[in-house]
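Below, each chain spelled out in residue letters.
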Amino acid sequence: LIWAGIKYLASAAAGLLSWGLLHSPIKTVSSFYGEFKMVFQCHQERKYMLDKNRHLTNWVPIVCPFTEWNIWPPPFGHWAFSMFPILAPAVFKFYDGLSQFTCPPSFIMGPKEAQKKFPQLNEKEIKYCAVFYEGQHNDARTNMAIAMTAAAKGADIANYVEMTEGIFDKAGKVTGVKALDRITGDTMEIYADNVIFAGGPFTDALRQKETQDDAPVKPAVAGASGSHIVLPGYYAPHNMGLLDYNTSDGRFLFFLPWQGSVIVGTTDKKCAAETLPYPPEEEIQWMLKECEKYLSKDVKVRRSDVLSSWRGWRPLASNPHLPPGGQVSRDHVISKNPESGVTFIAGGKWTTWREMAEDVLDKVLGAGHPKCNTLDIKLHGGDGYSESLSIQLIQKYGIMEDVAEHLVRTYGGRAWEVLEKCKPTGQQWPRYGVVLATHYPYIEAEVRFACQEYACTIEDILSRRTRLAFLNSEAAIQIIPRVADIMAEELGWSAKIKAKQIQTAKDYMESYGGRIPIDDDLSIRLPTLAEAMDVFKEIDVDGSGFLDVQEVKEMAIRLGQPLPEDRVQSIFNDMDKNKDGKIQAEEFMEWFNA
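The model shown is predicted, which means the values in this text are computed figures rather than measured ones. (Residues numbered from 1 in each chain as written. Predicted model: local features only at pLDDT ≥ 70, side-chain atom pairs only at ≥ 80, totals over all residues. Heavy atoms only, no water.)

Enquirer: Mind laying out the overall build of the chain, listing which residues take part and the relevant values?
Expert: A count of helices and strands for the chain gives 22 helices and 17 strands. By the compact-globule yardstick of 25 Å for 594 residues, the chain fits well, its C-alpha radius of gyration being 26 Å. Summarising its shape, the C-alpha atoms of the chain cover approximately 85 × 65 × 55 Å along the three principal directions. In the chain, which comprises 594 residues, the proportion classed as buried is 49%. Put simply, 65% of the contacts in the chain that link residues at least 6 apart link residues at least 24 apart. (Helix = DSSP H or I, 4+ residues; strand = E, 2+ residues; numbered from the N terminus. Rg over C-alpha atoms; globule rule 2.2 N^0.38 Å. Buried < 20%, exposed > 50% of the residue type's maximum accessible area, 1.4 Å probe, protein only. Contact = heavy atoms within 4.5 Å.)

Enquirer: Describe the packing of aromatic side chains, naming the residues involved and giving the relevant values.
Expert: One pass over the full model with this rule turns up 21 aromatic pairs. Relative to Phe84, the ring of Phe66 lies with its centre 5.6 Å away and its plane at 70°, an arrangement referred to as edge-to-face. Of this pair, Phe66 sits in strand E1 (residues 57-66) while Phe84 sits in helix H4 (residues 84-97), placing them 18 residues apart in sequence. What makes Phe66 buried here is its relative accessible area of 0%. Judged by relative accessible area, Phe84 falls into the buried class, the value being 12%. A ring pair is formed by Tyr508 and Tyr512, whose centres lie 5.3 Å apart and whose planes are at 80°; its orientation type is edge-to-face. A relative accessible area of 12% places Tyr508 in the buried class. Owing to a relative accessible area of 4%, Tyr512 belongs among the buried residues under this scheme. Following the ring pairs from residue to residue traces out a cluster consisting of Phe66, Trp69, Phe84, Phe92, Tyr95, Tyr128, Phe132 and Tyr245. Seen from the ring of Tyr48, Arg354 lies directly overhead, with NZ or CZ sitting 5.6 Å from the centre. A cation over an aromatic ring shows up here: Arg467 above the ring of Phe470, its NZ or CZ 4.6 Å from the ring centre. (Phe/Tyr/Trp six-rings, centres within 6.5 Å; stacked < 30°, edge-to-face > 60°. Lys NZ or Arg CZ within 6 Å of the ring centre and 35° of its normal.)

Enquirer: Which residues make up the environment of Tyr8, and what values go with them?
Expert: Mapped onto the elements of the fold, Tyr8 is located in helix H1 (residues 6-16). A C-alpha to C-alpha distance of 30 Å links Tyr8 and Tyr512, two positions 504 residues apart in sequence.

Enquirer: Tell me about the nonpolar core, residues and numbers included.
Expert: One recurring pattern in soluble globular proteins: nonpolar side chains tend to sit buried together. Judged by nonpolar contacts, the single largest core of 61 residues is most densely connected at Ile458 and Leu462. Sort the elements by how many residues they give to this core and helix H17 (residues 480-491) lands first, with six residues. Those residues in contact with Ile458, other than ones at most four positions away along the chain, are Ile480, Val483, Ala484, Met487, Trp493, Gln501, Ile502 and Ala505. If you look at the next biggest cluster of nonpolar residues, it comprises 28 residues, including Val63, Met109, Phe118 and Val131. (Core = buried A, V, L, I, M, F, W, Y, C linked by side-chain atoms within 4.5 Å.)

Enquirer: Give a detailed account of the packing of helix H13 (residues 444-452) against H17, specifying residues and quantitative values.
Expert: With their axes 9 Å apart at the nearest point, H13 and H17 run at an angle of 40° to one another. The angle between H13 and H17 falls in the class oblique. Crossing hand, H13 versus H17: right-handed. Taking contact as the criterion, the partners of Glu444, Val447, Arg448 and Cys451 in H13 are, on H17, Arg482, Val483, Ile486, Met487, Glu489, Glu490 and Leu491. (Axes fitted to C-alpha atoms, helices over the stretch in contact; angles between N-to-C directions. Parallel < 35°, antiparallel > 145°, perpendicular 65-115°, else oblique. Left-handed = near helix turned anticlockwise from the far one by under 90°.)

Enquirer: So, the environment of Pro279: which residues are in play, and what are the values?
Expert: The topology assignment puts Pro279 in the loop between strand E12 (269-270) and helix H8 (281-291). Taking the relative accessible area as the measure of exposure, Pro279 reaches 0% and is therefore buried. Counting along the chain gives 32 residues from Pro279 to Arg311, while the straight-line C-alpha distance between them is 5.3 Å. Those residues in contact with Pro279, other than ones at most four positions away along the chain, are Ser227, Ile284, Ser309, Trp310 and Arg311.

Enquirer: With reference to specific residues and values, describe the pattern of salt bridges.
Expert: If you walk through the whole model with that rule in mind, you get 26 salt bridges. Residue Arg302 pairs with Asp305 through a salt bridge whose shortest N-O separation is 2.9 Å. Overall, the relative accessible area of 30% leaves Arg302 in the partly exposed class. Asp305 sits in the buried class, given a relative accessible area of 2%. The shortest N-O distance in the salt bridge between Arg464 and Glu459 comes to 3.0 Å. A residue is classified by how much of its surface remains accessible, and Arg464, at 32% relative accessible area, is partly exposed. Looking at Glu459, the relative accessible area reads 21%, which means it is partly exposed. (Salt bridge = Lys/Arg side-chain N within 4 Å of Asp/Glu carboxyl O.)

Below is the structure:
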């Protein structure tokens, strides 16, 4: 989401209404002002993204269902929020006003209208729904667009180049960095008038390299994780999401349409940042259980419907160069080390990325330099974008409608360049656009185009150029060989490099969750009967009650026990007690229990 911070607005109000207003009125009011100012600025930045970068963003209405008129225990731990069901329409109108009413207006729905627009909701228990709007984007593509826009404006950018240590002058000031190209193994020295660290939740690891001794630096960043699962698109309307503002542990839970699927995500849970994304199984189970609260009883929320799962981290920052007691911030922090001369920026959120970049440059360049202003700049792909662009692509290239929509929403006006790399399908329709994975709009030409946009590894394609790793981990694994073939052609990989890339990609994909839990070492033990039957039912999509040889092979893969062809046939024959070429559910259970 490119969200303006409805949660932070509520938490700021809860803080203002707390006993702290009596005990420490100045500190409490100051804290409220800081949070409110941050939310207001988020609204302005959200407006910039939705207005200037329509090729990357869209508005999404989010439903808040209310099943009672008074909530107890109250959200945010304050009694005033027990009346939120009554106050919600006014609160969301105030929220609209922070954007000068430039966003689509919030509204309310009765149970019947809610059932019509969001048929997956449990109509019987809902009093009414309040609906507000937030911005939404493909964050990985936005990140690429920012980098490519910077390059077009004269910045030198690089992928897979890592700082290894600082370069110091005699006074101990950092005048540059030593860097390693992780693809080629080359090392280099890069000098600069100013060095800025922007390492997100890993900022402190960078800061450790601005010192010439081994003494640990004072921590500036605390990690906060958000876990996510992806469910099939039938769990929600394609154009409307849901917010659970009062979960069992007090966190927000978003339930949103995204890239043709439904993403369920939590907000901050403080923990140390990690580089691999797999979320704990208890987090996945918690999200599934919370989803059931508002959905119709006819919609069975199943563990086997989890197509992919992961965690992301963001930094909660404080200024280590201030006196003790500095406040941890959800807004961004910019701080300069007086000893090394290095400036770091941390904190903030996706919504305020532009403001963060502007602020840090203004601070580093100083008062004698013109102020940075990027409010009028469209990101890469903005030029040439129009609402009818997808139609133009279909008419010229004969591609599928979902492929055209995806290309436009991802590359904007650059979609033409992607399709110039397209090869014929050999079919009457679509004429162009060979897809990488069934049921997803990603095409082979995108891999070739990505290699021009600094893609260096298969992992880049699976997670940061397409989003398949995040949408369906099994589908991502299946396209690894084809992606490797295309990248080998584009980048001139040798057979040895290609094989290493394939293995690295497979290892990387093991860090994503999927239909079957892996947190409890399922891959090295026999699954439970319940887990196995869950997969049996999932593979038996037509509900026939039996499996064939190919389905048994697929089942073994999903259960973390891939088998060679001869072994699959042998097991199939053992299961098939009546020798009719079909494995009935009863035969499978008998074989499994044996």
